[in-house]
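Notes for the structure review
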Amino acid sequence: GVSEETSGRSEYNLRSPICCIMGHVDTGKTKLLDCIRGTNVQQGEAGGITQQIGATYFPAENIRQRTKELKADANLKVPGLLVIDTPGHESFTNLRSRGSGLCDIAILVVDIMHGLERQTIESLNLLKMRNTNFVIALNKVDRLYGWKACHNASIVKAMKEQSRDVQFEFRTRLTQVVTEFKEQGINTELYYKNKNMGKDTFSIVPTSAISGEGIPDLLLLLVQWTAKTMAARLAYSNEVQCTVLEVKVVEGHGTTIDVILVNGELHEGDQIVVCGMQGPIVTSIRALLTPDPMKELRVKGSYEHHKKIKAAQGIKINAQGLEHAIAGTSLYVMGPDDDAEDIKEAVMEDMRSVMGRVNKC
Ligand code: GDP
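Now for a description of the structure that goes with this document. (Residues numbered from 1 in each chain as written. Predicted model: local features only at pLDDT ≥ 70, side-chain atom pairs only at ≥ 80, totals over all residues. Heavy atoms only, no water.)

Glancing now at helix α5 (residues 118-130). Over its 13 residues, α5 extends 19 Å from the first C-alpha to the last, a length consistent with the 18 Å expected when each residue adds 1.5 Å. Among all positions in α5, only T120, S123, L124, L126 and L127 are buried. Across the axial projection of α5, the buried residues extend over an arc of 160°, all falling on one side. In α5, the exposed positions angled more than 90 degrees off the buried face are occupied by R118 and M129. Immediately downstream of α5, the backbone of N131 shows phi near 60°, a positive value. (Helix = DSSP H or I, 4+ residues; strand = E, 2+ residues; numbered from the N terminus. Expected span 1.5 Å × (residues − 1). Buried < 20%, exposed > 50% of the residue type's maximum accessible area, 1.4 Å probe, protein only. Arc of directions from axis to C-beta.)

What follows is the structure, encoded as structure tokens:
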């Protein structure tokens, strides 16, 4: 074990939780991501939201601003929330970081008009298998007949504005969904009534990805709950935990890997070991890249260079010899005292487990 001092671990020094969006096709996963990312951007108050490689970063301050009416505790404890941009399968089924799932928490999206569907149940099984916590976004509430739009309002406030008929239809459909989850062995409850959250009852947040109702509730729930219940997992550590999302050829940069740095810090020049088709790839980081934050000016392939980057973040890494790197595996940093053979062995172990999963699919 690494001592608390050398690892930098402490309950006061938490990294941002990493969140994935899952659910059946057409339930609104992409739209929901656009909505949580875009509403404020369009109003010219992006509030520090940054587009990263493979992910979007929401600083805690931005979330606090957007959830004012919910009277959140001023101290959210985590620096922000990192949401993986590719909703759906890959980020969950194959991607992991050293033995545990890449995501600390997931949003399971369910269409209120359709209830549980085939891929909802598949996602649910994955979540159970990985023992990953999740919140349910019961999306498309605006499709309830006669819904009165209350743009970006908390769901409690929006619900009060609705007619009796809408409220009745909502309750009927909610009850149906709760029953369907029960049939899958999962207890669920509206989030603001859920006293057993995190114990044995999962929370439901009604949302609309079109008019934004319930989005503040969803964001706040994600950061508050992760900070409260996952302090140990989210403790910042100097030990690098990093997962390869994608291997890409980029003009002017050659073959690069897009990674999610889950914990620790990466530096230009770090010796790294990545899993390759023909065995472990030992190389050194030539460049640590993030998208240029000046979005309007962003030319395709315009990146900012960093000497070092601290978790949790989405990063593009440029290094020699990455052509045969394999997505879904872990990246290791070689320390001065590390034995190269041990690390190579760990890397290949990782690959065997990823391949094992691929073959089963
Ligand atoms: P995905 O396949 O889960 O990523 O679903 P999309 O985000 O692509 O959404 C599928 C369709 O549902 C699109 O036509 C969206 O515009 C629509 N949609 C998504 N969310 C909502 C919502 O909250 N309300 C309504 N009315 N339509 C939505």
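In the neighbourhood of the ligand, 15 residues make up the surrounding shell, with D26, T30, K31, D142 and A209 lying closest. With respect to the ligand, the backbone of G28 contributes an N or O atom lying 3.1 Å from an oxygen atom. K31 places a polar main-chain atom, nitrogen or oxygen, 2.8 Å from an oxygen atom of the ligand. Take the shell around the ligand: its biggest share by element is three residues, from helix α2 (residues 29-42). When the residues that make up the shell around the ligand are grouped by side-chain class, the tally is three nonpolar, six polar and six charged. (Near = heavy atom within 4 Å. Polar contact = N/O pair within 3.5 Å; in protein donor to acceptor, adjacent residues only side chain to side chain. Nonpolar A, V, L, I, M, F, W, Y, C, P; charged D, E, K, R; others polar.)

Glancing now at the state of the cysteines. One pass over the full model with this rule turns up one disulfide. With its sulfur 1.6 Å from that of its partner, C20 forms a disulfide with C103. Placement of C20 in strand β1 (residues 18-23) and of C103 in the loop between β6 (100-101) and β7 (105-111) is noted, with a sequence separation of 83 residues between them. Judged by its relative accessible area of 1%, C20 falls in the buried class. Taking the relative accessible area as the measure of exposure, C103 reaches 2% and is therefore buried. You can see C35 has no disulfide; the closest cysteine sulfur is in C150, sitting 14 Å from it. According to the relative accessible area criterion, C35 is buried, its value standing at 6%. (Disulfide = S-S within 2.5 Å.)

A separate point is the pairing of strand β19 (residues 330-333). Of the strand pairs in this sheet, strand β11 (residues 241-250) and β19 are connected by two bridges, and their pairing is antiparallel. What sits directly across from C242, in β19, is L331. Where strand β14 (residues 271-274) and β19 come together, three bridges link them in antiparallel fashion. Within β19, the position partnered with V273 by the bridge is Y332. (Pairing = 2+ DSSP bridges.)

Any aromatic ring pair is given by two values, namely how distant the centres are and how the planes are angled relative to each other. Applying the stated rule across the entire model yields two aromatic pairs. Between F134 and F202, the aromatic rings sit 4.1 Å apart at their centres with planes inclined by 10°, giving stacked as the arrangement. Taken together, the residues F134 in strand β8 (residues 133-139) and F202 in strand β10 (residues 201-206) connect sequence positions 68 residues apart. This pair shows no difference in class: F134 is buried, exactly as F202 is. For the ring pair Y191 and Y192, a centre distance of 5.4 Å and an interplane angle of 85° mean the geometry is edge-to-face. (Phe/Tyr/Trp six-rings, centres within 6.5 Å; stacked < 30°, edge-to-face > 60°.)

Moving on, we get to unusual backbone geometry. Here the bond from A311 into A312 is cis, since omega is -10°, no more than 30 degrees from zero. Residue position: A312 is located in the loop between β17 (308-310) and β18 (313-319). In the Ramachandran plot, D26 falls in the positive-phi region, its phi being about 75° despite a non-glycine side chain. Relative to the helices and strands, D26 is located in the loop between β1 and α2.

Quick look at the layout of surface pockets now. In this structure, the second largest pocket spans a volume of roughly 510 Å³. Lining the second largest pocket are 21 residues, with L220, L221, Q224, W225 and K228 sitting closest to its centre. When grouped by side-chain class, the residues that make up the lining of the second largest pocket number 10 nonpolar, five polar and six charged. (1 Å grid on protein atoms, 1.4 Å probe; cavity = no way out; pocket = protein on both sides within 12 Å on 5 of 7 lines; lining within 4 Å. Points joined across faces, edges and corners; volume = space filled by probe spheres on them.)

Next up on the list: the sheet that holds strand β4 (residues 80-84). Read from one edge to the other, the open sheet built from eight strands follows the order β2-β3-β4-β1-β7-β8-β10-β9, with strand pairing classed as mixed. Strands with a single pairing partner mark the edges of an open sheet, and in this sheet they are β2 (50-52) and β9 (187-190). Strand-to-strand twist across the sheet, computed as the mean angle between neighbouring axes with direction ignored, equals 30°. Pairing between β7 and β8: seven bridges, direction parallel. Its bridge partner being in β8, A106 is matched across the sheet by F134. Lying on the sheet, α5 is in contact with β1, β7 and β8; it crosses β7 at an angle near 160°. Against the sheet, helix α7 (residues 164-183) touches β7, β8, β9 and β10, its axis set at about 160° to β9. (Axes fitted to C-alpha atoms, helices over the stretch in contact; angles between N-to-C directions. Contact = heavy atoms within 4.5 Å.)

Among the structural elements, S208 can be located in the loop between β10 and α8 (215-229). Of note is the side chain of S208, whose polar atom sits 3.1 Å from the backbone nitrogen of I210. Excluding its chain neighbours within four sequence positions, the residues that come into contact with S208 are C35, N139, K140, V141, D142, E213 and I215.

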